[in-house]
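Coordinate inspection notes
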Protein chains: 2
Amino acid sequence: MATPHDDVILMSHGGGGRRTQQLLRDHIFPPLDNPILRQLDDSACVTIGGAELAFTTDSYVIRPLFFPGGDIGRLAICGTVNDLVMQGARPLYLTLGLILEEGLRMDDLDRIMQSMAEAAREAGVQIVAGDTKVVEHSAGNGLFVNTSGLGQRRPGISTHVANARPGDVVLVTGTLGDHGMAVLSQREGLRFQTTLVSDVAPLTGLVSGLFKAVPGIHVLRDPTRGGVAAALHDVATAAQVCVKLDETALPVRPEVRGACGLLGLDPLTVANEGKALVICAAGDEARALAALRSHPLGGDACRIGEVCAAPAGRVLLRTRIGGERLVELPLGDDLPRIC
Amino acid sequence: MATPHDDVILMSHGGGGRRTQQLLRDHIFPPLDNPILRQLDDSACVTIGGAELAFTTDSYVIRPLFFPGGDIGRLAICGTVNDLVMQGARPLYLTLGLILEEGLRMDDLDRIMQSMAEAAREAGVQIVAGDTKVVEHSAGNGLFVNTSGLGQRRPGISTHVANARPGDVVLVTGTLGDHGMAVLSQREGLRFQTTLVSDVAPLTGLVSGLFKAVPGIHVLRDPTRGGVAAALHDVATAAQVCVKLDETALPVRPEVRGACGLLGLDPLTVANEGKALVICAAGDEARALAALRSHPLGGDACRIGEVCAAPAGRVLLRTRIGGERLVELPLGDDLPRIC
């Protein structure tokens, strides 16, 4: 019997967790099905006239529009650039779709456009086409932004989540949960958390250096909506492996850990917007970490776990006290509208 | 002195008329400026790894979601496909960004996804990447859709608005104003206008046949938001020519003319979603019209005017009674949310 929840869209359908997966699996993917879409990667890989391209899109509905460390404009550039970068592509061109709400202050729009332009310069991309629509004032969203991105793939590189193999190591390029907790603290007015700052940044340069040091990276993923938990669930499912994390190795700032504790959130499920998960052969670990740490955005890079054969499809956490617990895919209720 | 209107976004900023142009010119383009964006075409022309590509984006905020002849899903595919087609490109791949409102009925979403899939098949494109976000229920928009598109340009073809030359003829592929009036009649509950049906359709096949017959088309534009008036103003300004239209030649269905009359609208400023303006040398007119009329979507194709040298930058209408009037660029207040 269908529950009422099956009949309408809920906020949790947008949380990046299990309910998002159900929505995509049952309602979005089936009518559109094709071999490229079926790859379910951060970007689609397409080839046109001999050119190997990565093509991706993201809409941004974050509230508030301005948060410590960034704004919706910077986020919209970095998020889409990073989806291309995770595909092993050189990001080149973006399109910009703006949906503005009647009553949006023009000086807020100007600040956001300026921030977008700066982030595009940082990321090395150009915005080459756009579209602007206006809708009636309603819940005070102010604006929604869509950016789509086009990049050129590095020949012979595949960073698909299915490439993880038992024996691989799992690295992360820096601290976890900074973006989600900065936005949430701003939104909820958690004044004591003034030190929380979003990590939103384009990873073009960091990953370019990584590829120079270790061309044979197996998997690259940015742990955005749904956090590290959702990203590694994708890996475990696609590659049919087990990902084992060490709780003591997880780099989490004390202030982020504190805010998560207060709100009952797990830093593993909180969004990051300037971090990458890197999975590579154990023999490449030292070179990969050295390359990451030599970049300003990778100073805190470290190993957080490894890939095992069994139990396939699971993500496990070795806890501080020596036990092991399942890292579950969040349902999606935790953190709405953080990207 | 700044008026209050300069300080906030108004609905008319989204109308596709003068106020939209001001917004783009003063607030959107300057921070993002680059040579490709400066072309201001329906799609950006970029070259990657030797492949000549067209890249475009559009967001769809139409209300109601379902209207006679289509829905937001069909519109979102056709609109973006047509922007690629107008660039002389073969449309290949789309991305899909959905912003769903909490409370949207799942069966409405399913109908829209199905309609999108059908339109994509008709247009010959695949949806290869996507993103889904959920926002709180507010004004009952239901959903917003962004589609971005990637196509391969035909070598040596340029259909830029600046290519119009004095002596050229101006053709249109069919009747004017069908989409805008169908949506408006549905929204305003104009029951007597039940015969109004949107023309929303992908122009891939129609334009492909046109290029086979006349490879040297000068300009292609789809007269969407802002209608024929806005599209030809772009031509007149970019090419520094005068476009002269014949009122008696404009193909407008009697029911569209009637509805426009009742609401005080000019069919020249009403949106179309399955029509193209074609500007070509006078010597190519007969072949172009024959090619268009041989396609199911081009049966009503006809010549509506010509390009003259002066007064440069103007669009003029030779009226039924032999006079001449200026076709002004609408301010943008007329028809909000029709795409």
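That block above? That's the structure.
Just so we're clear, the structure is a prediction, and the values are computed from it rather than from any experiment. (Residues numbered from 1 in each chain as written. Chains lettered and ligands numbered in written order. Predicted model: local features only at pLDDT ≥ 70, side-chain atom pairs only at ≥ 80, totals over all residues. Heavy atoms only, no water.)

Looking at the interface of chain A and chain B
Quick note on the threshold: Contacts were defined at the residue level, with two residues in contact if any of their heavy atoms lie within 4.5 Å. Using a 1.4 Å probe, buried area is obtained as the accessible area two parts lose upon being combined, added over both of them. Salt bridges are counted wherever a side-chain nitrogen of Lys or Arg sits within 4 Å of a carboxyl oxygen of Asp or Glu. As used in this structure description, the phrase polar contact means that two N or O atoms lie within 3.5 Å; if the pair is within protein, one of them must be able to donate a hydrogen and the other to accept it, and residues adjacent in sequence are counted only when both atoms belong to side chains. By the criteria applied, helices consist of DSSP H or I runs no shorter than four residues and strands consist of E runs no shorter than two, each listed in order from the N terminus. Ten residue types, Ala, Val, Leu, Ile, Met, Phe, Trp, Tyr, Cys and Pro, are classed as nonpolar, four, Asp, Glu, Lys and Arg, as charged, and the remainder, Gly among them, as polar.
Contacts between the two partners involve 74 residues from chain A, matched on the other side by 74 residues from chain B. Between chain A and chain B, the buried area comes to about 6,600 Å², and carbon and sulfur atoms account for 70% of it. Viewed at the interface, chain B and chain A are joined by eight salt bridges. The partner of Asp58 of chain A in a salt bridge is Lys133 of chain B, and the shortest N-O contact between them spans 3.5 Å. In this assembly, chain A and chain B are joined by 22 residue pairs in polar contact (both at pLDDT 80 or more). Among the elements of the structure, helix 1 (18–32), strand 1 (44–48), strand 2 (51–60), strand 5 (89–101), helix 3 (106–123), strand 6 (126–135) and strand 7 (143–153) of chain A are those that each provide at least two residues to the side of chain A that touches chain B. Residue classes in the side of chain A that touches chain B are distributed as 40 nonpolar, 21 polar and 13 charged.

Observations concerning the relation of the copies chain A and chain B
Here is the rule: For this overlay, a least-squares fit was computed on C-alpha atoms, restricted to residues scoring pLDDT of at least 70 in both copies.
Under the fitted operation, chain A is carried onto chain B by 0.0 Å of movement along the axis and a turn of 180°, and the coordinates agree to an RMSD of 0.0 Å. What we have between these two chains is a two-fold relation. Here 100% of the interface residues in chain A have copies in chain B that are interface residues too; the copies meet face to matching face.

So, the pairing of strand 11 (residues 277–280) of chain B
When a strand is regular, its side chains alternate between the sheet's two faces. Residues and elements named next belong to chain B. Put simply, the rule reads: Note on exposure labels: buried denotes an accessible area under 20% of the residue type's maximum, exposed denotes more than 50%, and partly exposed covers the range between, all computed with a 1.4 Å probe on protein chains only. Two strands are counted as paired when DSSP detects at least two bridges linking them.
What you see with strand 11 is no split at all: Leu277 and Ile279 on one side and Val278 and Cys280 on the other are buried throughout. In this structure, strand 8 (residues 169–172) lies alongside strand 11, joined through four bridges in antiparallel fashion. Residue pairing for strand 11: Val170 is matched across the bridge by Ile279. Where strand 9 (residues 219–221) lies against strand 11, three bridges are found, and the strand directions are antiparallel. Opposite Arg221, over in strand 11, you have Leu277 as the bridge partner.

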